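What follows is each chain in one-letter form.
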Amino acid sequence: TFNSLALQLQSSYAALRQSEATNRAIIEAIPDLLMRTYRDGTYIDIDSHGRLPDQTGLKVGNRVQDSLPPLLAEQRLEMMQAALATGTLQVCEQHFKSGPKTLHEEVRVAALNQDEVLVMVRNITQRKRAETALRIAEENYRSIYENALEGIFQSNTEGRFMSVNPAMAKLYGYASPAQMAAAITDIAQQIYVDSGDCHRFTQLMAQQGYVQGFEYRSYRRDGQVIWVEEDTRAVKDDTGNILYYEGMIKDVSDRKQREAALQIQLQELQIEIDETKKAQAVAQLTESGYFQEIETEVTQIDLDSFWS
């Protein structure tokens, strides 16, 4: 009986040691600053994994008010009181100046018992900077998209526009991008004048994944036919399947008209050149000495005697 009790105690002790080791490993793996704190804000224990933030006064025995600016300290105490009163996890983000830098942190407060809380602080400065950079990039892209002079679009493989910018809608005679996206249900039939151009576009996309300087005749909303030039690429998934197309379109009708007019002028000029060459050849022939001799002999012939 004594031996059995001893074995049980040894087993429980071993399990407790194992549990403590597991908990310690978990705590060490957490990148957050961990602080156990009394209700009044006094630090009981601090586990920073050797990575203490740039905050003075953050040590056992001090209070929250000693390590944070007044407004942040007040917010921290309110979170602690809320966690103790409700028993629910309290979460917030905060930022403060540390020298020339601004640090961003995510704070989580959980109640441990009636008088103690666990405060977990994670440095999210890099994440916030990345979010800010992404937001700026998105705003810049949106500004370019909305204010571009050329049509910008995304379309799916089923022949519908996923999005078009204002310039694209205006180019095709629609009052808004939403109106155009809703009206065009079959790009091949409603946009392309020649089905062969649509087929050629699809083939190029399948073969090389993009088109550049692709010109074709296109229908506007009112039925007018215009010439457009398109630069588009296929967006694919990891297995190479086409997800959608995105590209830019501009109206080149004026240029095509100028090219056609220039072609007519060149043809007319070629005709004039050919006529001029013919005239020059005749003049050269009639002015030659041989032609002059023949002309003299012909004038000396008595035609009545010649024919009789």
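Above this text is the structure in question.
Residues numbered from 1 in each chain as written. Predicted model: local features only at pLDDT ≥ 70, side-chain atom pairs only at ≥ 80, totals over all residues. Heavy atoms only, no water.

Caption draft 1: Broad picture of the pattern of salt bridges. In this structure the tally under the stated criterion is 18 salt bridges. The closest approach of N and O atoms between Arg-127 and Glu-131, which form a salt bridge, is 3.3 Å. Here Glu-131 and Arg-127 lie together in helix H4 (residues 125-147), a separation of four residues that amounts to about one turn. Exposure remark for Glu-131: the relative accessible area of 35% places this residue in the partly exposed category. For Arg-255, the salt bridge goes to Glu-229, with nearest N and O atoms at 3.6 Å. One end of the pair, Arg-255, is in helix H9 (residues 253-286); the other, Glu-229, is in strand E9 (residues 225-236), with 26 residues separating them in the sequence. The partly exposed category is assigned to Arg-255, whose relative accessible area is 27%. (Salt bridge = Lys/Arg side-chain N within 4 Å of Asp/Glu carboxyl O. Helix = DSSP H or I, 4+ residues; strand = E, 2+ residues; numbered from the N terminus. Buried < 20%, exposed > 50% of the residue type's maximum accessible area, 1.4 Å probe, protein only.)

Caption draft 2: Region of the structure containing the nonpolar core. The biggest cluster of nonpolar side chains holds 24 residues, and the ones touching the most others in it are Phe-161 and Tyr-172. At the level of secondary structure, the elements contributing two or more residues to this core comprise strand E7 (161-164), helix H5 (166-171), helix H8 (195-208), strand E8 (210-219), E9 and strand E10 (242-251). For Phe-161, the contacting residues outside a window of four places in its chain are Phe-153, Gln-154, Ser-155, Met-168, Met-180, Ala-181, Ile-184, Ile-187 and Ile-191. By size, the runner-up hydrophobic cluster in this structure holds 21 residues, among which are Leu-68, Leu-77, Met-80 and Val-121. (Core = buried A, V, L, I, M, F, W, Y, C linked by side-chain atoms within 4.5 Å. Contact = heavy atoms within 4.5 Å.)

Caption draft 3: Focus on the environment of Val-193. In this structure, Val-193 sits in the loop between helix H7 (187-190) and H8. Expressed as a C-alpha distance, the spacing of Val-193 and Tyr-216, which sit 23 residues apart in the sequence, is 7.9 Å. The residues touching Val-193, leaving out its near neighbours within four places in the chain, are Arg-217, Ser-218, Tyr-219 and Val-225.

Caption draft 4: A look at the pairing of strand E6 (residues 151-156). Bridge count for E6 against E10 is six bridges, and the pairing is antiparallel. Bridge assignment links Ile-152 to a residue of E10, and that residue is Met-248. Linkage of E6 to E7, two consecutive antiparallel strands, is achieved through a turn of four residues, within which Gly-159 is found at a positive phi near 90°. (Pairing = 2+ DSSP bridges.)

Caption draft 5: Up close: the sheet that holds E8. Strands sit in the order E7-E6-E10-E9-E8 across an open sheet of five strands; the sheet is antiparallel. With partners counted over all chains shown, the strands left at the sheet margins are E7 and E8, one partner each. Strand-to-strand twist of the sheet, defined as the mean angle between neighbouring strand axes without regard to direction, takes the value 30°. Contacting E8, E9 and E10, H8 runs over the sheet at an angle of about 165° to E8. (Axes fitted to C-alpha atoms, helices over the stretch in contact; angles between N-to-C directions.)

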